[in-house]
Amino acid sequence: MALDVPYRSIPDMFLQRVAATPDKNAFASPAPGDSGLSWLSWSQVAQRTKAIAAGLHVLGISNEDRVAILANTRLEWVLADLGIMCAGGATTTVYPTTEPEEAAFIVGDSGSKVLIAENPTQAGKVADSTLPALTHIVLIDGVPDPAAAVPQLTLADLEARGAEALAAEPGLIERIATTIEPEHLATLIYTSGTTGRPKGVELMHRGWCWEAVAQSQLGIMNPDDLQYLWLPLSHSFGKTLLCSIIHVGLSTYVDGRVDKLVEMLSVVRPTLMCAAPRVFEKVYNKAVTTAQDAGGAKAKIFTWAVGVGRRKVSLEQAEQPVPTGLKLTYALAEKLVFAKLQARLGGNIKALVSGSAPLSPDIAEFFAAANLPICEGYGLTEASAGNFVNRPVRIKIGTVGQALGDLECRIDTDGEILLRGTPVMRGYHNLPEETAAVFTEDGFFRTGDIGTLDDDGFLTVTDRKKDLVKTSGGKYVAPSHIEGLFKSICPYISQTVVIGQARNYCTMLVTLDPDAIVSWAAGGPLAGRSYAELVASPEAHAMIEEHVAELNGKLNRWETIKKFTILSRDLTIADGEMTPSLKVKRRIVETNFAREIDQMYAGQLADI
């Protein structure tokens, strides 16, 4: 049955939301000094959004004209995005960590007429580039440069110009909204890619409105919930959440300061938070290492409680009743151990959502054991981000859940996941040949991911098609499976990258979590040593070696890790080794650490 979407466009959906609940809290930002939350009602959001939209209209923005946003996740990002679309324009998203050359490429390739930059530093990323389409730069913070080649103004200036236009024509934005069609471009998101230039993904109003309605049926987002939104809004995961927020009327705290996440969770006390797996991995690592460091009775109680929780989860996953005795034992485990972990996340969490990269099933099981169920999902930028997700009422750990709405999915003969439906992109911007290459003759999008569907429609994603490793012995290895398993085994890990393509055995690059490894060293002979000293120490190597041995005991013979190298630093976005959504760029990692990889294969052959 086709999904009923009662909106023509995001502006149509937004205006309906404002009319329905004008006085309800919409978006909050940090109050001065992080003393609390500063809320805007939907009517207040509408006032600012309309002013920005009208200001952009004055600058010449009309239907499908691109306006780029180059800023961190913050309230003004949300207002600017809504303002762009209410002017009829389309938002080009640029990560704030993007290097100047790539930022200039995205702004130029998209044909963006206006750039909304967080501050002069971000605006400076395009200052030395020739961008014929760019007519204005708007600064959220900072003072405009009167000598800039492209005229600059502040966001406040833009809103003031818009207010004047609205005074002359109060119904301007409502009039523009009637001209925006479902097939009009709403967003241009550039995929970070692992090699070459990023590709602009053209996403339509119809797809985003579909996402909003489809997500509202999951039982995850409800009108009385409070969401903590810290995800990069330049990424499709964050963008798709904004759509469901508008449809549902979900009150949301917006704060992209990742370093403030733990601190602000206790202030915001959300019922819902979505995150990349790395956040859950760090929470898991902290919980495990804290218990281990405490030793004695505390460590034993923690281990006992996790065991109790896992037994309960195992029965629930098998859809078997939990005996009364186990329920009572679990209640004690929750009181003694898990309540502290729940408090670290604010104490009110009803649901957590994980996306953008694979989540280790063992870590998902740990959170379920702690009564903090994670609804893992799956989606691609090319399909508006939300495609599959586990529902709170039926989480099947190890899968990414069932399809949203009326999205169609089939598995190709080689195992590739194919998708067809309303949220799928129009195509790659100005790249007709690449667009044609990713669609089947009957209109299914080739995701590039390998997976399986069970009889209940739950999807399991095993790996990226291009990331599957084939050893020189002809055996296929799925790196992400091994990497996720190792992260659940060793609580001191930050990142792992399995190597083995055309090699006669598998090896692994390892980076250690700075906080976890310092905690591991505390109280011993390595206490006080620097991170570089710790990761280079024989003791750290021996510790990882023990965990690798445990890992190998869970793998097929040809998958086992014969050698590993602990890198002297973590993988970073700045060095091009991670995408802004915290996915590892394997090819770049392999290039940057080619010497370390070659050393693991130098002069030796190992059986597989």
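Residues numbered from 1 in each chain as written. Predicted model: local features only at pLDDT ≥ 70, side-chain atom pairs only at ≥ 80, totals over all residues. Heavy atoms only, no water.

### With respect to empty space enclosed by the protein
No. 1: Under the counting rule described, the total for this entry stands at 2 cavities of 30 Å³ or more.
No. 2: In terms of lining, the largest cavity is formed by Ile10, Val78, Asp81, Leu82, Met85, Lys239, Leu242, Cys243 and Ile246.
No. 3: Sorting the residues of the lining of the largest cavity by element identifies helix 3 (75-86) and helix 9 (236-248) as the ones contributing at least two each.
No. 4: Counted as a void, the second largest cavity has a volume near 30 Å³.
No. 5: Forming the boundary of the second largest cavity are Leu359, Ala364, Ile374, Glu376, Asn390, Ile395, Lys396, Ile397, Gly398 and Thr399.
No. 6: Across the lining of the second largest cavity, the residue classes tally to 5 nonpolar, 3 polar and 2 charged. (1 Å grid on protein atoms, 1.4 Å probe; cavity = no way out; pocket = protein on both sides within 12 Å on 5 of 7 lines; lining within 4 Å. Points joined across faces, edges and corners; volume = space filled by probe spheres on them. Helix = DSSP H or I, 4+ residues; strand = E, 2+ residues; numbered from the N terminus. Nonpolar A, V, L, I, M, F, W, Y, C, P; charged D, E, K, R; others polar.)

### Things to note about unusual backbone geometry
No. 1: Unusually for a residue other than glycine, Glu64 sits at a positive phi of about 70°.
No. 2: Relative to the helices and strands, Glu64 is located in the loop between helix 2 (42-58) and strand 3 (66-70).
No. 3: Its identity is not glycine, yet Asn430 carries a phi of approximately 60°, on the positive side.
No. 4: Within the secondary structure, Asn430 is located in the loop between strand 19 (427-428) and helix 15 (432-437).
No. 5: Take Asn430: its relative accessible area is 55%, and that puts it in the exposed class. (Buried < 20%, exposed > 50% of the residue type's maximum accessible area, 1.4 Å probe, protein only.)

### Quick look at the nonpolar core
Considering soluble globular proteins, one finds that nonpolar side chains tend to be buried as a cluster.
No. 1: One finds Phe14, Phe27 and Phe367 to be the most contacted residues of the largest nonpolar core, which totals 133 residues.
No. 2: It is helix 3 that provides the largest number of residues to this core, a total of 9 residues.
No. 3: Setting aside residues up to four positions removed in sequence, Phe367 forms contacts with Phe280, Val283, Tyr284, Leu352, Leu372, Pro373 and Ile374.
No. 4: Ranked by size, the runner-up nonpolar core spans 29 residues in total, among them Ile489, Met543, Ile544 and Val548. (Core = buried A, V, L, I, M, F, W, Y, C linked by side-chain atoms within 4.5 Å. Contact = heavy atoms within 4.5 Å.)

### Observations concerning the side chain of Glu281
No. 1: Mapped onto the elements, Glu281 comes out in helix 11 (residues 277-294).
No. 2: Once residues within four sequence positions are removed from consideration, Glu281 is found in contact with Ile363, Lys487 and Ser494.

### Considerations on the pairing of strand 21 (residues 459-464)
No. 1: Direction of pairing for strand 20 (residues 445-453) relative to strand 21: antiparallel, over a ladder of 5 bridges. Bridged to Ile450 within strand 21 is Asp463.
No. 2: Connecting strand 20 to the next strand, strand 21, in antiparallel fashion are 5 residues, including Gly457 with a positive phi near 85°. (Pairing = 2+ DSSP bridges.)

### Some details on helix 21 (residues 594-601)
No. 1: Among all positions of helix 21, only Glu596, Ile597, Met600 and Tyr601 are buried. What you see down the axis of helix 21 is that its buried residues fit within an arc of 135°, all on one side.
No. 2: Considering only its buried residues, helix 21 is in contact with strand 24 (493-499), strand 25 (506-512), strand 26 (561-566) and helix 20 (586-592). (Arc of directions from axis to C-beta.)

### So, the packing of aromatic side chains
No. 1: In the structure shown here, the tally under the stated rule is 12 aromatic pairs.
No. 2: Aromatic side chains Tyr505 and Tyr601 sit 4.8 Å apart centroid to centroid with 35° between the ring planes, which places their arrangement in the tilted category. Highlighted residues: Tyr505 in the loop between strand 24 and strand 25 and Tyr601 in helix 21, separated in sequence by 96 residues. This pair shows no difference in class: Tyr505 is buried, exactly as Tyr601 is.
No. 3: A connected cluster of aromatic rings, assembled from ring pairs, spans Phe280, Tyr284, Phe302, Phe366 and Phe367.
No. 4: Sitting over the ring of Phe105, Arg197 keeps its end group 4.5 Å from the ring centre.
No. 5: Lying across the ring of Tyr601, Arg503 places its NZ or CZ 4.3 Å from the centre. (Phe/Tyr/Trp six-rings, centres within 6.5 Å; stacked < 30°, edge-to-face > 60°. Lys NZ or Arg CZ within 6 Å of the ring centre and 35° of its normal.)

### Overview of the layout of surface pockets
No. 1: Looking at the second largest pocket, its volume works out to about 1,200 Å³.
No. 2: Lining the second largest pocket are 50 residues, with Val258, Arg278, Val279, Lys282 and Leu582 positioned closest to its centre.
No. 3: Broken down by secondary-structure element, the contributors of at least two residues to the lining of the second largest pocket are helix 10 (261-268), helix 11, strand 24 and helix 17 (514-521).

### Quick notes on a nonpolar patch on the surface
No. 1: Nonpolar side chains collect at one region of the surface, where Ile301, Trp304, Leu332 and Leu336 lie side by side and expose about 330 Å² of accessible area between them.
No. 2: At the level of secondary structure, the elements contributing two or more residues to the nonpolar patch comprise helix 12 (296-317) and helix 13 (324-344).
No. 3: Along the polypeptide, Trp304 turns up in helix 12. (Patch = residues over 30% accessible without salt bridge, like charges linked within 9 Å, V, L, I, M, F, W, Y side chains within 5 Å. Areas by Shrake-Rupley, 256 points an atom, 1.4 Å probe, with all protein chains shown as cover. Salt bridge = Lys/Arg side-chain N within 4 Å of Asp/Glu carboxyl O.)

### So, the sheet that holds strand 20
No. 1: Taken in spatial order, the 4 strands of this open sheet run 17-18-20-21, and their pairing is antiparallel. The sheet terminates laterally at strand 17 (408-411) and strand 21, the two strands that pair on one side only. Strand-to-strand, the axes of this sheet are offset by a mean angle of 50°, without reference to chain direction. (Axes fitted to C-alpha atoms, helices over the stretch in contact; angles between N-to-C directions.)

### Let's talk about helix 17
No. 1: Buried within helix 17 we find Ala516, Ile517 and Ala521. End-on view of helix 17: buried residues confined to an arc of 135°, all on one side of the axis.
No. 2: Among the structural elements, helix 11, strand 25, helix 18 (531-536) and helix 19 (538-552) are those in contact with the buried residues of helix 17.
No. 3: The N-capping residue of helix 17, defined by a side-chain oxygen 3.0 Å from the backbone nitrogen of Asp515, is Asp513.
No. 4: Positive phi appears at Gly523, one or two residues downstream of helix 17, with a value of about 80°. (Polar contact = N/O pair within 3.5 Å; in protein donor to acceptor, adjacent residues only side chain to side chain.)

### What about the environment of Cys243?
No. 1: Within the secondary structure, Cys243 is located in helix 9.
No. 2: Non-local contacts of Cys243, meaning those with residues more than four positions away in its chain, are made with Ile10, Met13, Trp208 and Ala212.

### Quick look at the side chain of Lys125
No. 1: With respect to the helices and strands, the residue Lys125 is situated in the loop between helix 5 (120-123) and strand 6 (136-139).
No. 2: Among buried Asp, Glu, Lys and Arg side chains, Lys125 stands out as unpaired, with Glu99 the closest opposite charge at 6.5 Å.
No. 3: From its side chain, Lys125 meets the backbone oxygen of Thr98 in a polar contact 2.7 Å long.
No. 4: Excluding residues within four positions of it along the chain, Lys125 makes contact with Leu70, Pro96, Thr97, Thr98, Pro100, Ala103 and Ala104. (Lys, Arg positive; Asp, Glu negative; His and termini not counted.)

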